[in-house]
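Notes for the structure review
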Amino acid sequence: MSRIHAAAASAAVAFLLASCSRPSSAPTGDLKSQNQRKPAPNFSLKDADGNAVNLADYRGKVVLVNFWATWCGPCEAEIPWFIEFEKKYKEQGFAVLGVSMDDDGWKSVRPYVASHRINYRVMIGSEVVSQQFGEIESLPTSFVLDREGRIASNHVGLIDKVDYQNEIVKLLQDPKSAALRDAGDGTGNGMLAGLTGAGVRARQRP
Amino acid sequence: MACSPDLRAQAFAQGNVLNFVPPRKVIVKPGATVDSALPLELRPGYHVNSNTPSDEYLIPLRLTWNPGPLDAAGFVFPQPRMEKYGFSEKPLSVFSGDFQIVTHFKAPANAAPGPATLTGKLRYQACNTSMCLPPKTLDVSLQIEIVK
């Protein structure tokens, strides 16, 4: 069964997050207001090296979670942008996480990542993660998370590069977010200083 | 050939953007060949990769028939269109709108007379100009009658 089409619905979570994966009529490039943002569901997926990638470890960073697949043309169009964003904003506390929904997993994804020189972390998605994010039905689907791990925007389908860029820059420059980043240990990981285990990994990995 | 509104509504309501009309029953003699067309209709605004996609990662349109009283000896797909989309630098080999796939069947010389049903799978992957849907496999069937 396709990972995208989850069989057993995690009804409560799906209901709460259903709106997150539906096409929005709101103009792209708009961030949700602070009080409209809901926490992104956590996930733990393996990267190409077999290392666990826990979304919670990225708390304190602005994160773009991109659901994609190797067979998806519009997804391919976004990849160079995400490579650029990862390079340009990484030092400011930004990361892209690519969640592939390819049914055959690393067989297709590994050579694709190599040939496209993807510089951000890529994982293989699962039905559970798809459900947690409101059942991903179309690709690409992306979620931009603020430093508090909340969904600040979501996009179904290809949008303009500048819309993503504007959102990322706004979130990186958000005073509240910056305070979160700067608080704590002074390493730029902010709130992560207060976490155990995951915080340590976060300082090492992302 | 267009699908009936009822069939179309039913298929599209199930989340399929590719709909097919059940192929007409075929009547064939043992040892003879027969063609069967599978009429397809794609939701407006969508395309599917052709049977010969222009990129190795793209998922081709594929029709397969399970072993049965007739052997699928070959397929005829329409000529794909090379379409340029905003998300791709190169044109893509696609089908859209209404089209059909023809299967050449051969009945074995020792085929037993009588009615039978042949089953198969239609696998496709569809996109529009900004997003793609996951690959999907539809069950297809063909009523056949082998006559002396």
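What you see is a predicted model, and the numbers here were worked out from it, not measured in a lab.

1. Notes on the overall build of chain B
Along the backbone of chain B there are 1 helix and 12 strands. The order of α-helices and β-strands along chain B, N terminus first, is α-β-β-β-β-β-β-β-β-β-β-β-β. Projected onto the principal axes, the alpha-carbon positions of chain B cover approximately 55 × 35 × 20 Å. A burial count over chain B gives 30% of its 148 residues as buried. For chain B, restricting intrachain contacts to residue pairs at least 6 apart in sequence, the fraction spanning at least 24 positions comes to 72%.

2. Remarks on the sheet that holds strand 7 (residues 81–83) of chain B
Residue and element names in this part refer to chain B. A sheet is described by the order of its strands in space; here 4 strands give the open sequence 7-8-4-11, paired in antiparallel fashion. Both outer strands of the open sheet, strand 7 and strand 11 (126–127), are each paired with one neighbouring strand and no more. With 3 bridges connecting them, strand 7 and strand 8 (residues 92–95) associate as antiparallel partners. Opposite Met-82, over in strand 8, you have Ser-93 as the bridge partner.

3. Quick notes on the nonpolar core
By size, the foremost hydrophobic cluster in this structure holds 69 residues, and its most contacted members are A:Leu139, A:Leu145 and A:Ile168. With 6 residues, strand 4 (residues 62–68) of chain A is the largest single contributor of residues to this core. Those residues in contact with A:Leu139 that lie beyond four places of it in its chain are A:Phe67, A:Trp68, A:Ala69, A:Cys72, A:Cys75, A:Met101, B:Met131 and B:Cys132. B:Leu70, B:Ala107, B:Leu142 and B:Ile144 belong to the second largest nonpolar core, which has 8 residues in total.

4. Side note on the packing of helix 2 (residues 73–89) of chain A against helix 5 (residues 161–173) of chain A
Residue and element names in this part refer to chain A. One way to put it is that helix 2 packs onto helix 5 with a least axis distance of 11 Å and a crossing angle of 25°. Classified by the angle between their axes, helix 2 and helix 5 sit roughly parallel to one another. Our pair here, helix 2 against helix 5, has a crossing hand that is right-handed. Each of Trp-81, Phe-85 and Tyr-89 in helix 2 lies in contact with helix 5, whose residues at this interface are Lys-161, Tyr-164, Ile-168 and Leu-172. Residues belonging to the contact of helix 2 with helix 5 are distributed by class as follows: 6 nonpolar, no polar and 1 charged.

5. Remarks on the interface of chain B and chain A
Reports often express the size of an interface as the amount of accessible area lost when the parts come together. Taken together, the contact pairs 15 residues of chain B with 17 residues of chain A. In terms of residue class, the side of chain B that touches chain A is built from 12 nonpolar, 3 polar and no charged.

6. Section: the sheet that holds strand 8 (residues 150–156) of chain A
Residue and element names in this part refer to chain A. Reading across the sheet, the 6 strands line up as 1-8-7-4-5-6 and stay open at both edges, with mixed pairing between neighbours. Edge positions in the sheet fall to strand 1 (38–39) and strand 6 (121–124), since each has one partner strand and no second. Direction of pairing for strand 5 (residues 94–100) relative to strand 6: parallel, over a ladder of 4 bridges. Bridging across to strand 6, Val-99 finds its partner in Met-123. The sheet strands contacting helix 2 are strand 4 and strand 5, and the helix crosses strand 5 at an angle near 150°.

Conventions adopted
- Residues numbered from 1 in each chain as written.
- Chains lettered and ligands numbered in written order.
- Predicted model: local features only at pLDDT ≥ 70, side-chain atom pairs only at ≥ 80, totals over all residues.
- Helix = DSSP H or I, 4+ residues; strand = E, 2+ residues; numbered from the N terminus.
- Buried ≥ 20, exposed ≤ 12 C-beta atoms within 10 Å, placed from the backbone.
- Contact = placed C-beta atoms within 7 Å.
- Pairing = 2+ DSSP bridges.
- Core = buried A, V, L, I, M, F, W, Y, C linked by C-beta atoms within 7 Å.
- Axes fitted to C-alpha atoms, helices over the stretch in contact; angles between N-to-C directions.
- Parallel < 35°, antiparallel > 145°, perpendicular 65-115°, else oblique.
- Left-handed = near helix turned anticlockwise from the far one by under 90°.
- Nonpolar A, V, L, I, M, F, W, Y, C, P; charged D, E, K, R; others polar.

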